[in-house]
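# Observations on the three-dimensional arrangement
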Amino acid sequence: MTEKTITSDDKTAANPAIRDSQISLNSTGARPSFVPLFPLIVFFVLFLGTGIYYSLQGIDMAFYQLPAPIAVLPAIALSILLAKDSIEKSIGYLLAGMGDSNIIAMCLIYLLAGAFGALTTQIGAVAAVVNLCLDIIPASFILPGLFLIAALVSFSMGTSMGTLAALAPIGVGLTESLQISPALVAGILLSGAMFGDNLSVISDTSIAAIRTQGTTATEKLKQNARWALPAAAITLILYSIFAGQGEAVTIQPYEWYNLVPYAFILGLALLGWNVFVILSIGILSAIAIGLLGQGFSVEAGVASTMYKGFSDMQEIFLLSMLIGGLGGLIKAQGGLDWLVHHISDLFSVARSKLRAKLAILSTTAITNLAVANNTVSIILTGDVTHELAGKNQVKPKQSASLVDIGACSIQGVLPYGAQCLLLGTSFSISPLEPGLYAWYLPILLIIALIGTIKMSDKPEAKA
C-alpha cells in the first residue's frame, strides 16, 4: 500500500505545528503500542458512562445528554499529553488528521445531504414517497410492506434516523388499529431503515465507507447489493410468515411531482454519477419544485430551509473532524499499527485474504459496540481497515461494503443507539425491544460472512 503523504505549501511551511504535520503519518517511526489507544477508551467511557448514568436516572435520550463532540475533547487532550513528541508536533498531527481530504469531503457531503433532506421534507416529498408505497402495497401485505417502505425512504433520504422519524407515526397507528405488538412493528421499520441506509449512496455511513476505502458509490452499491438483497428477501419472507395479515390504512393525497427529487437521486446514483453532483442536482430539483408548488419563498424559504439542513448535520460534522484529529494522533503514536496487528492475529488460522476480510468486518463491528454510532466507527477505523485491505489485496469495493455492514449490523440492535432510542420513545416501549425484531440485521451479517468466505475460495478474476 502506498503511504498517504500530506504536503505543505509555502504559506504554512513557516508554522512549526503545521510544518511538522506535513509528513506521512505512517512514517513517524513510532513503535506499535496499546498506550495511544487509552484516549479512545476514555472517549468510550465518558460517552457510554454518562448515557448509562442518565438512563438510570430515567432521563429521555440519556445517551445524548453529553454530546459526542464534547466527549471526545478530553480524549484529544489526553492523547496529546501521552505523546512522546512535542506539543507542537502533536498539534500538527491533530490538525493533519482533521484536515484529511477524506474528512473534509465527508463534511461537505454531510452539508449537502442535510440541505437535501430538509428541502424534500419541506416540499412534502417524504410524505409523497410514503403514501405512494402505501398506495401500491396490498393490505394483506401491509406489515411486511412497511419494511419495503422504510427501505425505499431510507435509500432515498440516506438516513435511517430521518426515515424512522417520518414513519414511526404510521407504525404507531398500525399497532393501534391492528392490535399487534409495537415491538414487532418497530423492528420491521428498523430493519427497513437500516437496509436502505446501508445501500444508499448519500447516507453518511456509505459516504464514510467510500471515502475511507477509496472506491466509488456505484461500485460499493453493487457489492453491497449482492449481500443486502438476499438478506432483505429472506427477511420479507419471515415477516410475511410471522407478522400475520394487515388491514387497509388511510392513504393521504400526494402530488406526483414531489417524487422528482428522489427520482433524480435514485437514477443518477445507479448511473454512477459523482455524489457531489447527485446531491447538487437533487437540491436544485427540490428548490424548483418548492418554488413552483409554493412550498417556500425565494427570499427566505429556500435559504432558511437549507440552513436548517446544515444545522441538523452539525453534530456529525464536528464529530467527524474531531475524530479525524484523534485518529491522526493515535496513528502517529503507533496505536493503529498495534490494533491492525492484533486484529489480524485473531484470524491467523485463515489464509491472508480471508483473514483480512474478517478483520475488516469485525473491526468496525467491535468498535461500534462502544461508539454506538456506525458512521463514527467507520471513520475511526478507516485507516486501519484501509491498510488491512491494501496489504492483502482486498478490493476497495469489498472493504467498503464490509465496514458498512459491520457497523450497521451492530448499530441497529444497540439499545443505547439512536435508532432504538427513537423507536422506544415513539412506541412507548423499551429500547431493547426493537432490536429483537430487527431480523434483517443478523441475517445480513450472516450472509456477508458466508459471502466473504465463498469469495475467498474463488481465484481472482483476470482484468
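The paragraphs below set out a description of the structure included in this document.

## Examining the overall build of the protein chain
For the protein chain, the count of helices and strands is 24 helices and zero strands. For the protein chain, with 463 residues in total, the buried portion stands at 54%. The contacts of the protein chain with a sequence gap of at least 6 include a subset with a gap of at least 24, amounting to 78%. When the accessible surface of the protein chain is totalled, it reaches about 19600 Å², and 65% of it is carbon and sulfur.

## Regarding unusual backbone geometry
Positioned with a positive phi, Q393 is a non-glycine residue whose angle comes to about 55 degrees. Structurally, Q393 can be placed in the loop between α20 (382-391) and α21 (396-411). The exposure class assigned to Q393 is exposed, which follows from its relative accessible area of 56%. Positive phi, normally seen in glycine, also occurs at S428, with a value near 55 degrees.

## Section: the pattern of salt bridges
When charged atoms on two side chains of opposite charge get close, those side chains can pair. The full count for this structure, using the stated rule, is five salt bridges. Residues K331 and D383 are paired through a salt bridge, measuring 3.9 Å at the closest nitrogen-oxygen approach. One end of the pair, K331, is in helix α16 (residues 314-332); the other, D383, is in helix α20, with 52 residues separating them in the sequence. Across the salt bridge formed by E387 and K391, the nearest N and O atoms sit 2.9 Å from each other. Highlighted residues: E387 and K391, both in helix α20, separated by four residues, approximately one helical turn.

## So, α16
Here α16 contains 19 residues, and its C-alpha end-to-end distance of 27 Å stays within 8% of the 27 Å for a straight helix at 1.5 Å per residue. Where α16 ends, the next residue or the one after it, G334, has phi of about 95 degrees, a positive value.

## Some details on the packing of helix α5 (residues 87-98) against α16
Closest axis-to-axis distance for the α5/α16 pair is 7 Å, and the angle between their directions is 130 degrees. In terms of axis orientation, α5 runs oblique to α16. Taken as a pair, α5 and α16 cross one another with a handedness that is right-handed. Side by side, α5 and α16 meet where S90, Y93, L94, G97 and M98 of the first sit next to M321, L322, G324, G325, L326, G328, L329 and A332 of the second.

## So, the nonpolar core
In terms of nonpolar packing, the biggest core is built from 126 residues, with F43 and Y440 touching the most fellow members. If near-sequence neighbours (up to four positions away) are discounted, Y440 is found in contact with F147, S191, M194, F195, N198, A228, A231, A232, T235 and Y239.

## Quick look at the environment of Q398
Relative to the helices and strands, Q398 is located in helix α21. Polar side-chain contacts of Q398 include one of 3.4 Å to the side chain of K357.

## Overview of the side chain of D197
Structurally, D197 is set in helix α10 (residues 182-199). Comment: no salt bridge for buried D197; closest opposite-charge side chain is K220, at 7.9 Å. At a separation of 3.4 Å, a polar atom in the side chain of D197 contacts the side chain of S160. Non-local contacts of D197, meaning those with residues more than four positions away in its chain, are made with S154, G158, T159, S160, S203, D204, T205, S206 and N374.

## Examining a nonpolar patch on the surface
A contiguous nonpolar surface patch, about 470 Å² in accessible area, is contributed by F34, V35, F38, I41, V45 and L82. Following the sequence through the fold, I41 ends up in helix α3 (residues 38-56). Judged by its relative accessible area of 35%, I41 falls in the partly exposed class.

## What to know about the environment of Q65
Tracing the sequence through the fold places Q65 in the loop between α3 and α4 (68-82). Placed 15 residues apart in sequence, Q65 and T50 show a C-alpha to C-alpha distance of 7.6 Å. Residues in contact with Q65, not counting those within four places in the same chain, are Y54, I59 and D60.

The rules behind the values
- Residues numbered from 1 in each chain as written.
- Predicted model: local features only at pLDDT ≥ 70, side-chain atom pairs only at ≥ 80, totals over all residues.
- Heavy atoms only, no water.
- Helix = DSSP H or I, 4+ residues; strand = E, 2+ residues; numbered from the N terminus.
- Buried < 20%, exposed > 50% of the residue type's maximum accessible area, 1.4 Å probe, protein only.
- Contact = heavy atoms within 4.5 Å.
- Areas by Shrake-Rupley, 256 points an atom, 1.4 Å probe, with all protein chains shown as cover.
- Salt bridge = Lys/Arg side-chain N within 4 Å of Asp/Glu carboxyl O.
- Expected span 1.5 Å × (residues − 1).
- Axes fitted to C-alpha atoms, helices over the stretch in contact; angles between N-to-C directions.
- Parallel < 35°, antiparallel > 145°, perpendicular 65-115°, else oblique.
- Left-handed = near helix turned anticlockwise from the far one by under 90°.
- Core = buried A, V, L, I, M, F, W, Y, C linked by side-chain atoms within 4.5 Å.
- Polar contact = N/O pair within 3.5 Å; in protein donor to acceptor, adjacent residues only side chain to side chain.
- Lys, Arg positive; Asp, Glu negative; His and termini not counted.
- Patch = residues over 30% accessible without salt bridge, like charges linked within 9 Å, V, L, I, M, F, W, Y side chains within 5 Å.

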